[in-house]
Amino acid sequence: MSGVISHEFEYYKPKDFGELSELLIQYKTKAKILSGGTDLVVRIKDGFEFPEIVIDIKSISELKELKFDGKDLFIGATVTFNELIESDVVKEKFPLLWEAAKSVASTGIRNRATLAGNICSAVPSLDSGPALLVYEAEVILKSNNGERKVNINDFFLGPRKTVLKEDEFVYGVNVPLPQKKNGGSYVKLGRYNGEDLAQVGIGILILEGNEYRIAHCAVGPVAARAKKIEQLLNGKPLDDPLIEEAKKLIEQEISPITDIRATKEYRIHMAKVMFERGLKAAVNRMNGKGPDYGEKLI
Ligand SMILES: Cc1cc2nc3c(=O)[nH]c(=O)nc-3n(C[C@H](O)[C@H](O)[C@H](O)COP(=O)(O)OP(=O)(O)OC[C@H]3O[C@@H](n4cnc5c(N)ncnc54)[C@H](O)[C@@H]3O)c2cc1C
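Residues numbered from 1 in each chain as written. Predicted model: local features only at pLDDT ≥ 70, side-chain atom pairs only at ≥ 80, totals over all residues. Heavy atoms only, no water.

Chemist: Can you tell me about the layout of surface pockets, naming the residues and giving the values?
Modeler: In this model, the second largest pocket occupies a volume close to 420 Å³. Around the second largest pocket, the lining comprises 18 residues; the ones closest to its centre are K102, S103, K188, N193 and K296. Breaking the lining of the second largest pocket down by element, the ones donating at least two residues are helix 5 (95–102) and strand 11 (182–189). Element by element, the count of residues in the lining of the second largest pocket is highest for strand 11, at 4 residues. Counting the residues that make up the lining of the second largest pocket, at least three belong to each of domain 2 (64–176) and domain 3 (182–286). (1 Å grid on protein atoms, 1.4 Å probe; cavity = no way out; pocket = protein on both sides within 12 Å on 5 of 7 lines; lining within 4 Å. Points joined across faces, edges and corners; volume = space filled by probe spheres on them. Helix = DSSP H or I, 4+ residues; strand = E, 2+ residues; numbered from the N terminus. Domains from an automatic or database assignment.)

So this is what it looks like as C-alpha cells:
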C-alpha cells in the first residue's frame, strides 16, 4: 500500500441532510460517503475504489448522537467504536456490543472507525455484526424520499453488498434493550492481538428462560444468526450433552473459506471451541459470575 492517494476526486462536506441528499441524487454511484475513512481511504489508496465525489458526513451534527431513552440505544452514523467503549450506558446495558467494540483493531483505528461504516463496508469479518444480530438491531436508512428501517438480519446481501440504495445513507442504528435478564459474549479469533480482522467471530446472548441468540462472522459470506442451533437450544437449560449436540450443528450453520488468514478446517475447529467457551461465559455472566466483559475468552 503506498502512502499516496493517486486517484483524484472532488470533496464535499455537507452541513445537513438536505445537502447530503442532493449530492447523492446528483452523483449516484459516482459518489462515496466518507465517515471515519478507515475502510474507504484504504480502498482508494489500494486502487479498489475510484469515486469521483467523496462526501464527508462528519459535519452533520445529528449523526454524532449516541443516546439511550430507556428502551432503545440510538447510535448515530458517525459514532466511533471508541465512543461506544467510553459510554457507560453501552457498557452497562449492552455489554456484548461493548465487548465487540473493544475487539476492533486498535485505539488509533477505533478513534475514527464508526459502527455504521463497519456495517456499510459489509465485509464478512465485521466485528459489530454478531452483536447487532443478537441484540436484533434495526438500521435506519434515509434519503430524499424519507426514512425506512431494516432489521440487521436483512441488511447484508453478500460480501460488501447491502440493501442500501444509491440515494440512501445510514442515519443510525437502533439497538433495543433486551427485556429479560441476560448474559452475552463476543469471542473473536485473530492471528495476533492488535489490528487483525476476525478469522472467526461468535456472538452469544442468553436471556432468562433459556432463550439463546447466536450469530457469527468471518465464517460465511455475511454475518448471520445460527438458527438451527438456536432452535435446538431454545427452552432447554444448558448442560454438557446439549452443548455437544449443538456443536455438531456448527458445520451446517457456517460455510468458511480458506484464505490468507486461516484454512476452512481451522475455522470450523475453532468455531466449535469458541462456541462452547462463549456459551459458558454468557451463562456465567448472566448469573453474575466472571469472566468480566472484555476479558479474552480465546
Ligand atoms: C488497520 C485496520 C484494522 C482494522 N481492524 C478491524 C477489526 O478488527 N474489526 C473490524 O470489524 N473492522 C476492522 N477494520 C475495518 C474498519 O475499521 C471498519 O470497517 C470501520 O468500522 C469502517 O468505518 P469508517 O467510519 O472508517 O467507514 P469509512 O471507511 O468512512 O466507510 C466505509 C464504507 O461505508 C460507507 N459508509 C460509511 N458511512 C456510511 C453511511 N452513514 N451511510 C452509507 N454509507 C456509508 C462508505 O462509503 C464506505 O463504502 C480495520 C481497518 C484497518 C485499516
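Chemist: Describe the site of the ligand, listing the residues and the values that go with them.
Modeler: By nearness alone, 32 residues border the ligand, and I33, T38, L40, T114 and D127 come closest of all. Take G36: an N or O atom from its main chain is 2.7 Å from an oxygen atom of the ligand. Here a nitrogen atom of the ligand and a side-chain polar atom of D127 are 2.7 Å apart. Protein burial of the ligand: of its 990 Å² of free accessible surface, 91% is covered by the chains. Elements represented by at least two residues in the shell around the ligand include exactly strand 2 (31–34), helix 7 (115–121) and strand 10 (169–176). For the shell around the ligand, the leading source of residues is helix 7, giving 4 residues. (Near = heavy atom within 4 Å. Polar contact = N/O pair within 3.5 Å; in protein donor to acceptor, adjacent residues only side chain to side chain. Areas by Shrake-Rupley, 256 points an atom, 1.4 Å probe, with all protein chains shown as cover.)

Chemist: Let's hear about the pairing of strand 13 (residues 211–217): which residues, and what values?
Modeler: Across the 7 residues of strand 13, 6 count as buried, placing the element largely inside the fold. Pairing between strand 12 (residues 200–207) and strand 13: 7 bridges, direction antiparallel. For I204, the partnering residue across the bridge sits in strand 13 and is I214. Note: strand 13 against strand 14 (residues 224–225), 2 bridges, orientation antiparallel. Note on strand 14: the bridge partner recorded for H216 is A224. Hairpin geometry of strand 13 and strand 14 is characterised by an intervening segment of 6 residues between the two adjacent antiparallel strands and by a positive phi of about 70° at A218. (Buried < 20%, exposed > 50% of the residue type's maximum accessible area, 1.4 Å probe, protein only. Pairing = 2+ DSSP bridges.)

Chemist: If you had to explain empty space enclosed by the protein to someone new, which residues and values would you point to?
Modeler: According to the stated counting rule, one finds 1 cavity of 30 Å³ or more in the structure shown. Estimates place the volume of the largest cavity at around 70 Å³. Breaking the lining of the largest cavity down by element, the ones donating at least two residues are strand 13, helix 11 (240–253) and helix 12 (264–286). Here the element with the most residues in the lining of the largest cavity is strand 13; it accounts for 3 residues. In the lining of the largest cavity, the residues fall into 10 nonpolar, 1 polar and 1 charged. (Nonpolar A, V, L, I, M, F, W, Y, C, P; charged D, E, K, R; others polar.)

Chemist: Describe the domain arrangement of the protein, listing the residues and the values that go with them.
Modeler: Frequently, the measure chosen for interface size is the accessible area that the parts lose on association. Structurally, the protein comprises domain 1 (10–56), domain 2 (64–176) and domain 3 (182–286). Taking the mean C-alpha position of each, domain 1 and domain 2 sit 19 Å from one another. Summed over both partners, the interface of domain 1 with domain 2 buries about 1,200 Å², with 59% contributed by carbon and sulfur atoms. Along the contact surface separating domain 1 from domain 2 lie 1 salt bridge. R160 serves as the salt-bridge partner of D39, at 3.2 Å between the closest nitrogen and oxygen. Looking at the side of domain 1 that touches domain 2, the element that brings in the most residues is helix 1 (residues 17–27), giving 5 residues. Looking at the side of domain 1 that touches domain 2, its residues break down into 5 nonpolar, 5 polar and 3 charged. (Buried area = accessible area lost by both parts, 1.4 Å probe. Salt bridge = Lys/Arg side-chain N within 4 Å of Asp/Glu carboxyl O.)

Chemist: Can you lay out the pairing of strand 3 (residues 53–56) for me, pointing to particular residues and giving the numbers?
Modeler: A two-sided burial pattern is seen for strand 3, the buried positions comprising I53 and I55 on one face and V54 and D56 on the other. Of the pairings in the sheet, the one linking strand 2 to strand 3 comprises 4 bridges and is parallel in character. Counted as the bridge partner of L34 is D56 from strand 3. Considered for its hand, the β-α-β crossover made up of strand 2, helix 2 (residues 40–45) and strand 3 is right-handed. (Right-handed = clockwise from strand over helix to strand, strands pointing away.)

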